[in-house]
Amino acid sequence: MAASLVPVCGRSVRLLRLLGHRAELRFRALSSEQRAEGGLTGSVLQEKLQRRDNEESSDTSGSEEKQKKQKENTANAKRVILRVAGVLGIAGSGALVYIFGSNSVDEQGNMIPDEFDSDPPVVQQIRRSYKYFQDYRQMIIEPTSPKLLPDPLKEPYYQPPYTLVLELTDVLLHPEWSLSTGWRFKKRAGIDNLFQQLSPLYEIVIFTSETGLTAFPLIDSVDPQGFVSYRLFRDATRYTDGHHVKDISCLNRDPSHVVIVDCKREAFKLQPYNGLAIKKWDGNSEDRALYDLAAFLKTIAMNGISDVRTVLENYSLEEDALEAFKRRQTQLEQEEQQRLSELSQLNKRQTLSLGSFTSRLWPRSKQQ
């Protein structure tokens, strides 16, 4: 019973409010003469209406004043923050100019003269600072040296005829992270086979976009037997358009005998026909890509290709170059088998025709 009274009371309250609102509207619509005829009741209602109107007007004016005060406080806070940031920026810039704009000193603490000594003191500081940051930026963008590798070995030492440049991350290793173990690197199947098969034919260079601090111990774990001839890191790349690019022209090797293997085409975009793009390894243990890569590169070397770019150009547009190589190799084997079968059939026909010809030349009695 009590539960049924709740919606009834709610509806009655809403009905009373609606009736009161309608009565108020009707009273507002009455003329002054009609309100005067109403007597005391009309005057009371009029006072209530005026009081309510005054309260509403005071509330709206108070809210407007609060909004104005809030806007003024926000604007003042922004001005203060901007002034503080400006002062800190000027102070920081001055400190940088003072630190990096001073003369270099030798081991005894004596200042080393440079080309800016003849300028006014402030100009000296600014020009030295500018040169320092310009050199630092150039160091990041450009490779550390125009010759990243030493000169090729000469006789009696053995120099492999080709150079293989390999990326480390997602080609030989796959980084994995978990909350319990942190960063771990999974070794790809076929690394040992790749190094053993290609080390007599290729000078193996690991050229990675990782830093040396990170990559050096990883290469030690990947290559315990020392098949890798050289190691190059991020500081040896050329930074262009947000990518670390491996520039073949800085390797000090004949570009016609250099092959770059990477999972990112941007890594060899300066020399696109020197690169072989393979699929990024996701850590799958069933992956066999490095075995296919070893077969592909061994085929190039065993055939004595004079310019690897003529071969790699044919695979530059393939989404999966190694899969395309396997498909073409299978097709060639089938064609070779068909050619051999046709050749054997032709030999059989020639043998039969030769036998019939000799039988005609020599009577059977003389052959016996």
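As the structure is a prediction and not an experimental result, all values here were calculated from the model.

Moving on: the UniProt feature "transmembrane region" (unreviewed entry) in the protein. UniProt records the feature "transmembrane region" (unreviewed entry) at residues 80-101, using the numbering of this structure. Taken end to end, residues 80-101 is 95% helix and 0% strand, and its two terminal C-alpha atoms sit 31 Å from one another.

Moving on to helix H6 (residues 212-222). Residues of H6 that are buried: Ala215, Leu218, Ile219 and Val222. Burial along H6 is one-sided: seen end-on, the buried residues are contained in an arc of 105°.

Take the environment of Ala324 next. With respect to the helices and strands, the residue Ala324 is situated in helix H9 (residues 321-361). Looking at Ala324, the relative accessible area reads 0%, which means it is buried. The contact partners of Ala324, leaving out residues within four places of it in the chain, are Tyr315 and Glu318.

It is at 8 Å that the axes of helix H5 (residues 191-198) and helix H7 (residues 289-302) come closest, and there the two elements cross at 10°. Put simply, H5 runs roughly parallel to H7. Only Leu290, Tyr291, Leu293, Ala294, Leu297 and Lys298 of H7 make contact with H5, whose side of the interface consists of Ile191, Asn193, Leu194, Gln197 and Leu198. Grouping the amino acids of the contact of H5 with H7 by side-chain chemistry returns eight nonpolar, two polar and one charged.

Residues Leu172, Leu194, Phe195, Tyr202, Val261, Leu276 and Phe296 are the most contacted members of the largest nonpolar core, which totals 42 residues. In terms of residue count, H7 provides more of this core than any other element does, eight residues in total. Leu148, Val165, Phe207 and Ala277 belong to the second-largest nonpolar core, a separate cluster that totals 14 residues.

What counts as what
- Residues numbered from 1 in each chain as written.
- Predicted model: local features only at pLDDT ≥ 70, side-chain atom pairs only at ≥ 80, totals over all residues.
- Heavy atoms only, no water.
- UniProt positions renumbered as here; feature names shortened; annotations may be inferred.
- Helix = DSSP H or I, 4+ residues; strand = E, 2+ residues; numbered from the N terminus.
- Buried < 20%, exposed > 50% of the residue type's maximum accessible area, 1.4 Å probe, protein only.
- Arc of directions from axis to C-beta.
- Contact = heavy atoms within 4.5 Å.
- Axes fitted to C-alpha atoms, helices over the stretch in contact; angles between N-to-C directions.
- Parallel < 35°, antiparallel > 145°, perpendicular 65-115°, else oblique.
- Nonpolar A, V, L, I, M, F, W, Y, C, P; charged D, E, K, R; others polar.
- Core = buried A, V, L, I, M, F, W, Y, C linked by side-chain atoms within 4.5 Å.

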